[in-house]
Every structure is written in C-alpha cells, then in structure tokens.
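Breakdown of the fold
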Amino acid sequence: ILSWQRRHRFCGVCGTRTGSIEGGHARRCPSCGAVNHPRTDPVIIVVVVDPVGDRIVLGRQAVWPLGRYSALAGFVEPAEALERAVAREVMEESGVTVGDVRYHSSQPWPFPGSLMLGFHATWTGGEPRPVDGELEDARWFGRAEVAQAAHEDAAWDVQDESRLLLPPKVAIARTLIDAWLAGG
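Calculation criteria
- For every chain, the first residue of the written sequence is number 1, and numbering continues from 1 onward in sequence order.
- Reporting of local features is limited, given that this is a predicted model, to residues whose pLDDT is at least 70; pairs of side-chain atoms are given and counted only at 80 or more, and all residues count toward the totals for whole chains, interfaces and linings.
- Derived side-chain values reflect all non-hydrogen atoms in the structure, with water molecules and hydrogen atoms excluded from consideration.
- In this text, helices come from DSSP runs of H or I with a minimum length of four residues, and strands from runs of E with a minimum of two, each type numbered from the N-terminal end.
- Note on exposure labels: buried denotes an accessible area under 20% of the residue type's maximum, exposed denotes more than 50%, and partly exposed covers the range between, all computed with a 1.4 Å probe on protein chains only.
- It only takes one pair of heavy atoms within 4.5 Å for two residues to be counted as in contact.
- Each accessible area is a Shrake-Rupley estimate made with a 1.4 Å probe; only the visible protein chains count as cover when residues are assessed.
- Charged residues are defined here as Lys and Arg on the positive side and Asp and Glu on the negative side; His and the ends of the chain fall outside this count.
- Where a charge lies is defined by one atom per residue type: Lys uses NZ, Arg uses CZ, Asp uses CG and Glu uses CD.
- Paired strands are those between which DSSP finds at least two bridges.
- As used in this record, nonpolar core signifies buried Ala, Val, Leu, Ile, Met, Phe, Trp, Tyr and Cys residues forming a set joined through side-chain atoms within 4.5 Å.
- Any pair of nitrogen or oxygen atoms within 3.5 Å is treated as a polar contact; in protein, a donor-acceptor pairing is required on top of that, and neighbouring residues in sequence qualify only through side-chain atoms on both sides.
- The criterion for an aromatic pair is that two Phe, Tyr or Trp rings (for Trp, the six-membered ring) have centres within 6.5 Å, with stacked assigned to planes under 30 degrees apart, edge-to-face to planes over 60 apart and tilted to the rest.

Side note on the overall build of the protein
Per the secondary structure count, the protein includes 4 helices and 9 strands. The order of α-helices and β-strands along the protein, N terminus first, is α-β-β-β-β-β-β-α-β-β-β-α-α. Each of the three principal axes of the protein carries a C-alpha extent, and together these read 60 × 35 × 30 Å. Counting only residues that meet the buried cut, the protein has 43% of its 184 residues in that class. Taking as baseline every contact in the protein between residues at least 6 positions apart, the subset at least 24 positions apart corresponds to 57%. Counting only carbon and sulfur atoms, one obtains 55% of the accessible surface of the protein, whose full area is about 9,600 Å². Across the protein, 19 positive and 23 negative side-chain charges occur, with their mean positions spaced 9 Å apart.

Here it is, written out as structure tokens:
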C-alpha cells in the first residue's frame, strides 16, 4: 500500500494532487472527485500432477539456491480465464499440457500488488523441460522424494543440488505441494 501511495500521488483524470482516504486504501482527487484504488494483478501458481497421482512437475529458476524447485507460476493476461492461464503458463514454461484445473487457495504477493491463485492441474501430455527461458529446469518429482524434502524443510538460502529443496511453508507453492502430499 505504501508503494502504491508513493506512485499514485496525482489524479489520472486531471493531474491534480490526490489525498489519501479509506485509511490509505484509496486516493481521491479534490478537483474532479475521481477515486482510485490499488490495482491487483492476478497470478496463477500450479502444481501439475500425473493422473496416477504419484509424481508432480516442479520448476527451478536460475536465481534460486541450488536444488530449490517450486510450483509453476505466471501472470493472467487481460480478459483471460484463470483455467486458460494455467494451461498457457504451464505450456509456455514447461512444454506440458494439462486438464482438470482445480482451484485450491490464494495468497497475496507483493510484486508489486498481486494476488496468487493456486491450482492443481492434471498432466495430459508432454515431458517437462524449460521452454521459454523463465526456468532453468522443469521435471517430475516422485511422492517419496517430495515427502522427504517436505520433512527436511530446509531454509530458503540453503544450497544443495544433490537433493530437492522446497519453498518455505509460508509460500502458497508449499501449501499446494503439501496438499498434494496429503492427498487433497
């Protein structure tokens, strides 16, 4: 909210300096009366599950600590249905096709003002691999390996390319992974 307040000090309609209202959650123009609220950009995040349910697709960005993998994610395009965004982002990032997209949960994400919408989707084809340059690696992980990584719960900055490291428990990616492990 503070970042949004700093970036939106002037009215987008007439250019007059605006004032904070609603406890800082909106700005009003004293000249034309326009009221502006912070923009929220939807982002999908998804764990791709094989139809049998014993493995999932996870991806890795090059900037992450070695061994760290997570759910696949991306921004929803204007006028795009969430289910379509899931299918598009998974294909663009990993070359995998999915179906049976199921909403699971959401989490605010401050980049810069996003809402992450978490899903599970069923794999329908293709083998995971980096496609569009966003991921350094994308691959299948079996239930036993994911369960072991969840049990160890290594801190984010740990680097160990010899084992799988999962996102921290506060991340929606981890919530999705843990739900899959629990059978939900």
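A look at the sheet that holds strand 1 (residues 19-21)
The 3 strands lie next to each other as 1-2-3, forming an open sheet whose pairing is antiparallel. The open sheet has two edge strands, strand 1 and strand 3 (35-36), and neither has a second partner.

Details of the nonpolar core
Core analysis: the biggest nonpolar cluster contains 20 residues, and Ile56, Leu58, Val146, Leu164 and Leu166 have the highest contact counts within it. The greatest single-element share of this core, amounting to 5 residues, is contributed by helix 4 (residues 172-181). Not counting residues up to four positions away in its chain, the partners in contact with Val146 are Ile56, Phe141, Leu164, Leu166, Ile177, Trp180 and Leu181. Core analysis: the next-biggest nonpolar cluster, separate from the first, contains 19 residues, Ile44, Val76, Val86 and Phe119 among them.

Some details on the side chain of His120
By secondary structure assignment, the location of His120 is in strand 8 (residues 114-125). The class for His120 is buried, based on a relative accessible area of 4%. A polar atom in the side chain of His120 sits 3.0 Å from the backbone oxygen of Leu176.

Quick look at the packing of aromatic side chains
Across all of its chains, the model carries 5 aromatic pairs by this definition. Ring geometry for Tyr103 and Phe119: centres 5.8 Å apart, planes at 80°, overall edge-to-face. Placement of the pair is Tyr103 in strand 7 (residues 97-109) and Phe119 in strand 8, with a sequence separation of 16 residues. In this structure Phe119 comes out as buried when scored by relative accessible area, which is 2%. With 5.6 Å between their ring centres and 80° between their planes, Trp123 and Trp140 make a pair best called edge-to-face. Within this pair, whereas Trp123 is found in strand 8, its partner Trp140 is found in strand 9 (residues 137-142), the two being separated by 17 residues in sequence. The buried category is assigned to Trp140, whose relative accessible area is 14%.

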